Amino acid sequence: MTSDNDALLAELEPTAARLLERHLATSKEWFPHELVPWSMGQDFEPGYEWSPDTVPMSDEVRSALFVNLLTEDNLPYYFRTIERMFGADTAWGTWARRWTAEEGRHSIVIRDYLTVTRAIDPVQLERARMAQVECGEVPEPETPHDGFVYVALQELATRIAHHNTGKLLDDKAGYEVMKKVASDENRHHLFYRDLVTAALEVDPSAMVGAIERQVRTFEMPGTGILDFEVHAKAIAKAGIYDFSAHHDQILVPVVLRTWGIEDLEGLDAEAEQARAALLKRIERIGKAGRRFAARRDEDRQQQLASV
Ligand SMILES: [Fe+2]
Ligand SMILES: [Fe+2]
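Residues numbered from 1 in each chain as written. Chains lettered and ligands numbered in written order. Predicted model: local features only at pLDDT ≥ 70, side-chain atom pairs only at ≥ 80, totals over all residues. Heavy atoms only, no water.

**Q** Could you clarify how one ought to interpret the coordination of the iron ion (ligand 2) in this entry?
**A** Under perfect tetrahedral coordination by four donors, a metal shows angles of 109.5 degrees; under perfect octahedral coordination by six donors, it shows angles of 90 or 180 degrees. The iron ion (ligand 2) binds to the protein through E103 (OE), E155 (OE), E185 (OE) and H188 (ND1), with metal-donor distances spanning 1.9 to 2.3 Å. Classification of the site at the iron ion (ligand 2) rests on its four donor atoms, whose angles at the metal span 91 to 142 degrees, yielding the label irregular. In this structure, the iron ion (ligand 2) lies 3.9 Å from the iron ion (ligand 1), and both are coordinated by E103. With E155 in helix α7 (residues 144-168) and E185 in helix α8 (residues 172-202), the pair connects residues that are 30 residues apart, well separated along the chain. Of the residues examined, E155 reaches a relative accessible area of 2% and is grouped as buried. (Donors = N, O, S within 2.8 Å, 3.2 Å for Na, K, Ca; no water. Tetrahedral: all angles 85-135°; square planar, octahedral: opposite > 155°, others 65-115°. Helix = DSSP H or I, 4+ residues; strand = E, 2+ residues; numbered from the N terminus. Buried < 20%, exposed > 50% of the residue type's maximum accessible area, 1.4 Å probe, protein only.)

The following block contains the structure:
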């Protein structure tokens, strides 16, 4: 790690401590076991074969549940990246460990819910978890600047995906599970979002470069999952996470409004170029999102008309 990176982390440590304190003050303890509808559960007979008719649900929603859970299962590697990037000491380390403990309950509650309700084939899910964790693939941002931006975007993207998945479940318990997990993700997002705001004051040019890179290369968490592309398409088709959500709920409110990219002053020449490219990209993503959503609405109407 270069001394620039060390200097940024040292300079932002008091901010991290303050945001951690805010996070803890606004956290409310919750228990996965209280959200799982255990009375729906029964033993799995030996050789049990799951079929999609067990719990009727669209393929898209099933894809979303599958990807959401496998992403949570990959926590060991996210922890490794975050600890490596921010360090294990001071407020940075305290945050990384607290965050890990909170993330851990996400896979606990979603898996318990899916196992009890049988909404997903437990054999396929376990095999996919083994494959995913054995492969251990997660994005590895090169600098803490990139890391702050990536996690700020990713936590919000995850929040949106969890919440939208919950809304499409025909089941109150499932909705409550996903809503609770989404509310944790939102508080994680707020920590990182405000860290980026502080970092923009310390080193605006480097941060604008990082924001441009991270928006350009952003992918929903889930890379490394078997058939991720197929699932990602299904998730977009259902409107759980697509270009317009990315544009309207992340890029505009966070990158443009909260971080105020258009109004930053004192950028060096390279950062000015990065800002221009970033603004163009955000506009293009917005257009693509609108086109995609219009096509999806047309398809839906045609489907309804043909029923
Ligand atoms: Fe999570
Ligand atoms: Fe999170």
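Having seen the structure, we can now continue with the description.
**Q** How should the packing of aromatic side chains be read in this particular structure?
**A** In this description, an aromatic ring pair is defined by two values, namely the gap between the centres and the angle between the planes. Going through the model one piece at a time under the given rule, you end up with nine aromatic pairs. On the basis of an interplanar angle of 35 degrees and a centroid distance of 5.1 Å, the ring pair of F86 and F148 is categorised as tilted. With F86 in helix α4 (residues 75-86) and F148 in helix α7, the pair connects residues that are 62 residues apart, well separated along the chain. A relative accessible area of 4% places F86 in the buried class. Relative to Y192, the ring of F86 has its centre 6.4 Å away and its plane inclined at 45 degrees; by these criteria the two rings are tilted. Of this pair, F86 sits in helix α4 while Y192 sits in helix α8, and the two are 106 residues apart along the sequence. (Phe/Tyr/Trp six-rings, centres within 6.5 Å; stacked < 30°, edge-to-face > 60°.)

**Q** Is there a simple way to explain the pattern of salt bridges in this structure?
**A** Pairing between side chains becomes possible if they bear opposite charge and their charged atoms approach one another. According to the stated counting rule, one finds 18 salt bridges in the structure shown. Linking E176 and K179 is a salt bridge whose minimum nitrogen-to-oxygen distance equals 3.9 Å. Residue E176 and its partner K179 are located together in helix α8, separated by three residues, close to a single helical turn. Judged by relative accessible area, K179 falls into the partly exposed class, the value being 35%. (Salt bridge = Lys/Arg side-chain N within 4 Å of Asp/Glu carboxyl O.)

**Q** Looking at this model, I keep getting lost on the layout of surface pockets. Mind explaining?
**A** Over the atoms rolls a probe the size of a water molecule, and its path tells where empty space is left. Looking at the largest pocket, its volume works out to about 700 Å³. When contributions to the lining of the largest pocket are tallied by element, the ones reaching two or more residues are α3 (59-73), α9 (204-217), α10 (228-237), α11 (243-258) and α12 (269-306). When residues of the lining of the largest pocket are assigned to their parent elements, the largest contribution, six residues, is made by α10. Considering only residue class, the lining of the largest pocket consists of 16 nonpolar, two polar and seven charged. (1 Å grid on protein atoms, 1.4 Å probe; cavity = no way out; pocket = protein on both sides within 12 Å on 5 of 7 lines; lining within 4 Å. Points joined across faces, edges and corners; volume = space filled by probe spheres on them. Nonpolar A, V, L, I, M, F, W, Y, C, P; charged D, E, K, R; others polar.)

**Q** How do you make sense of α9 when you look at a structure like this?
**A** Helical geometry note: an α-helix holds 3.6 residues per turn, so side chains three or four residues apart project in the same direction. For α9, which comprises 14 residues, the first-to-last C-alpha distance of 20 Å matches the rise-based estimate of 20 Å (1.5 Å per residue) to within 8%. Within the sequence span of α9, burial applies to S205, M207, V208, G209, A210, I211, E212, Q214 and V215. Taken together, the buried residues of α9 touch α7, α8, α11 and α12. (Expected span 1.5 Å × (residues − 1). Contact = heavy atoms within 4.5 Å.)

**Q** When you look at the packing of α3 against α10 in this model, what are you seeing that I'm missing?
**A** Each pair of packed helices can be described by the angle between their axes along with the distance between the axes. Put simply, α3 and α10 touch, their axes get as near as 8 Å, and they point 125 degrees apart. As judged from the angle between their axes, α3 and α10 are oblique. Between α3 and α10 lies a crossing whose hand is left-handed. The residues of α10 that touch α3, namely those facing E60, S63, A64, F66 and V67, are F228, H231, A234, I235 and K237. When the residues that make up the contact of α3 with α10 are grouped by side-chain class, the tally is six nonpolar, two polar and two charged. (Axes fitted to C-alpha atoms, helices over the stretch in contact; angles between N-to-C directions. Parallel < 35°, antiparallel > 145°, perpendicular 65-115°, else oblique. Left-handed = near helix turned anticlockwise from the far one by under 90°.)

**Q** Can you help me understand the coordination of the iron ion (ligand 1) in this one?
**A** Looking at the iron ion (ligand 1), one finds its protein donor set to be E72 (OE), E72 (OE), E103 (OE), H106 (ND1) and E185 (OE), positioned 2.0 to 2.3 Å from the metal centre. Sequence spacing of the donors to the iron ion (ligand 1): E-x30-E-x2-H-x78-E.

Purely spatial values, then, with no claim about function.
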